[in-house]
Amino acid sequence: MSTPPPPDARALAYDILKMPDRAGFVNDRLEAALRSTGLDGQPRRLATELVYGVTRRRATLDALLRPCCSRPKQNVEPDLWTLLRLGTYQLAFLTGVATHAAVHETVELAKRAGKPQWTGFANAILRKVSALVLDDGMSMPAADAFPHPEGGFRLVRDKIFPDPDADPIAYFAEAFSLPGWLVSRWAERFDEDELTEIARHFDGPPALTLRSRVGERDALLEEIRDAGHKAVAGDHPQAIRLRGHAPVESLPGFSAGRFAVQDETAITAATTLDPPRGGRVLDMCAAPGTKATHLAELVGPEGTVVATDVHAGRLAMIGEGAARLGLGNVQPVHVDADGVGTPPGPYDAILLDAPCSNTGVLGRRPDARWRLRPDDLAELPRLQERLLRRALDLLAPSGKLLYSTCSIEPEENEDVLKNAVAGRDDRVVTRSQTFRPGASGDGGFQALIGPA
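So, how was this worked out
Residues take numbers from 1 onward in each chain, read along the sequence in its written order. Predicted model: local features are reported for residues with pLDDT of at least 70 only, side-chain atom pairs are reported and counted for 80 or more only, and whole-chain, interface and lining totals are derived from all residues. As a rule here, side-chain values come from all non-hydrogen atoms in the structure, and water together with hydrogens is ignored. When the centres of two rings from Phe, Tyr and Trp lie within 6.5 Å, Trp using its six-membered ring, the rings pair. Their planes under 30 degrees apart give stacked, over 60 give edge-to-face, and anything left gives tilted. Buried, partly exposed and exposed residues are distinguished by accessible area as a fraction of the type maximum, computed with a 1.4 Å probe on protein chains only: under 20%, between the cut-offs, and over 50%, respectively. Criterion for a charge above a ring: Lys NZ or Arg CZ within 6 Å of the ring centre, and within 35 degrees of the ring normal. Working definition: helices are DSSP H or I runs of at least four residues, strands are E runs of at least two. Numbering for both runs from the N terminus. Comment: arc refers to directions from the helix axis out to C-beta atoms. Residues count as neighbours in contact if any of their non-hydrogen atoms are within 4.5 Å of one another. Confidence of the predictor at the level of single residues is captured by pLDDT, which takes values from 0 to 100. Any two strands are treated as partners once DSSP identifies two or more bridges connecting them. Here, axes are lines fitted to C-alpha atoms. For helices the fit covers the stretch in contact, and angles between N-to-C directions go from 0 to 180 degrees. For a helix, the expected span equals 1.5 Å multiplied by the residue count minus one.

A. Representation of the packing of aromatic side chains. As enumerated under the stated definition, the model contains 9 aromatic pairs in all. Ring centres 4.7 Å apart and planes at 15° place the aromatic pair Phe172 and Phe176 in the stacked group. Under the relative-accessibility criterion, Phe172 is labelled buried at 7%. Under the relative-accessibility criterion, Phe176 is labelled buried at 2%. Aromatic ring contacts, followed pair by pair, group Tyr89, Phe93, Phe146, Phe161 and Tyr171 into a single cluster. The ring of Phe121 has Arg71 sitting right over it, with the charged end atom 4.3 Å from the ring centre. Taking NZ or CZ as reference, Arg371 lies 4.3 Å from the ring centre of Phe25, over its face.

B. Structural detail: helix α14 (residues 312-324). Here α14 has its buried residues at Leu315, Ile318 and Ala322. Taken end-on, α14 shows its buried residues confined to a sector of 50°, consistent with a single buried face. Among the exposed residues of α14, those oriented more than 90 degrees off its buried face are Gly313, Glu320 and Ala323. Looking at the packing, one finds that the buried side of α14 touches α13 (290-299), β9 (304-309) and β10 (330-334). Backbone geometry just downstream of α14 places Gly326 in the positive-phi region, at approximately 70°.

C. Structural context of the confidence of the model for the chain. Summing up the model confidence of the chain, the mean pLDDT is 94 and the portion of residues at 70 or higher is 98%. Confidence drops under a pLDDT of 50 for residues 1-5, and excluding neighbours within four residues, the segment shows 0 contacts in the predicted structure.

D. Here's a closer look at the sheet that holds strand β2 (residues 145-147). An order of β1-β3-β2 is seen for the 3 strands of this open sheet, with the pairing classed as antiparallel. Single-partner strands in this sheet number two, and they are β1 (133-138) and β2. In this sheet, adjacent strand axes meet at a mean angle of 35° when their direction is disregarded. Pairing analysis gives 3 bridges linking β2 to strand β3 (residues 153-156), with the strands arranged antiparallel.

E. Structural context of helix α2 (residues 26-37). Helix length check: α2 (12 residues) gives 16 Å between terminal C-alpha atoms against 16 Å at 1.5 Å per residue, within 8%. The complete set of buried residues in α2 reads Val26, Arg29, Leu30, Ala33 and Leu34. Summarising the axial view, the buried residues of α2 lie within an arc of 130°, below the 170-degree limit, and thus occupy one face. Looking at α2, the residues exposed on the side facing more than 90 degrees away from the buried face are Asp28, Arg35 and Ser36. Once α2 finishes, Gly38 follows within two positions and takes phi at roughly 75°, a positive value.

F. The arrangement of the environment of Ala23 in detail. With respect to the secondary-structure elements, Ala23 resides in the loop between α1 (9-17) and α2. Look at Ala23 and you get partly exposed, because its relative accessible area is 41%. With 300 residues separating them in the primary sequence, Ala23 and Ala323 have C-alpha atoms 29 Å apart.

Here is the structure:
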């Protein structure tokens, strides 16, 4: 029996990218495909880069394709346009891929997809793109330049982007590949430098950050470095930031449960709540369980963490994560969308990591920027407020509650907090913080509520 050929990174990426939105989030589709194919090493990294990169930079890719295509996008078959985006991403963003390889391999995908009639068109368009995109760069935004993940701006032959001085919102939307309505919102709260930092954070690969066990960060960091990985200590005393690519399962300490993968902003949630040792804690909307396992470590084996979630299928992830970390004090519980089914209180501490727009983690969840609609920022706060009121009713009189989101929108954060606590004389907000997406981690919001 002949051995089947190894899976191809570009073909796998193309298959995932052409799936409809109803097939699920792109990171979940990618993870499932990588597991089923066994793609590893450099091909795995290339497939991941292509899937995430094409999804993130969709608007930039379309801007590059428009002057090179004789037909408007709506007159091109959707799967063919996806193929063109895939080729354009390699030409514009992957400096380690030769032009002829990017064009040839992308055209070959059309044949393998059973669309040989696409090959001539795709070849002609991608060759025009390769002539349009220059190797030269500059440090400032311009109508003939787009931001590159490695820093600076890459030049193109023509002024195909909006003038950043005349229409900075339109430029940011196309060049940084973000919804224009969202850029408009942010421009009211952030200056140009802050907006650029946020956009660059979302357009690059998310940093891999580990949460070590309490008191074990330095020892684990040394072992990871000794194994040949580049890593530095994070700002949080349990955080380790990795530089470059590394399969998590291959890192020292993974099989022994000595760390969990968690962004540094998210790590701060459990330590800010600071649950009492031996206490009974509720983690609402807990899946996939990284915050729940952190809480379980902090309360100790004599304490309990009830971890609830509306997604029955994702509850298994909480149990699996707790088992790998050697934590037997996490109890996953399935509830409905409003938290009905939550075991009764009182709880000594509650973490409500509410469902939200994800505007603080658009780099980590690459298709969230395209799924989000302005109406969501009116609908989501109603759910968040209901959940927060329920959480407050479950809290012990002397207990503490941390309201947390992955959003940087005031409607989901300060406004929800104000409305839910208003009229209660038994609770008071003791501290709150909005985390702006940037070098130290993702964006989000955390507010601690305690006894009045």
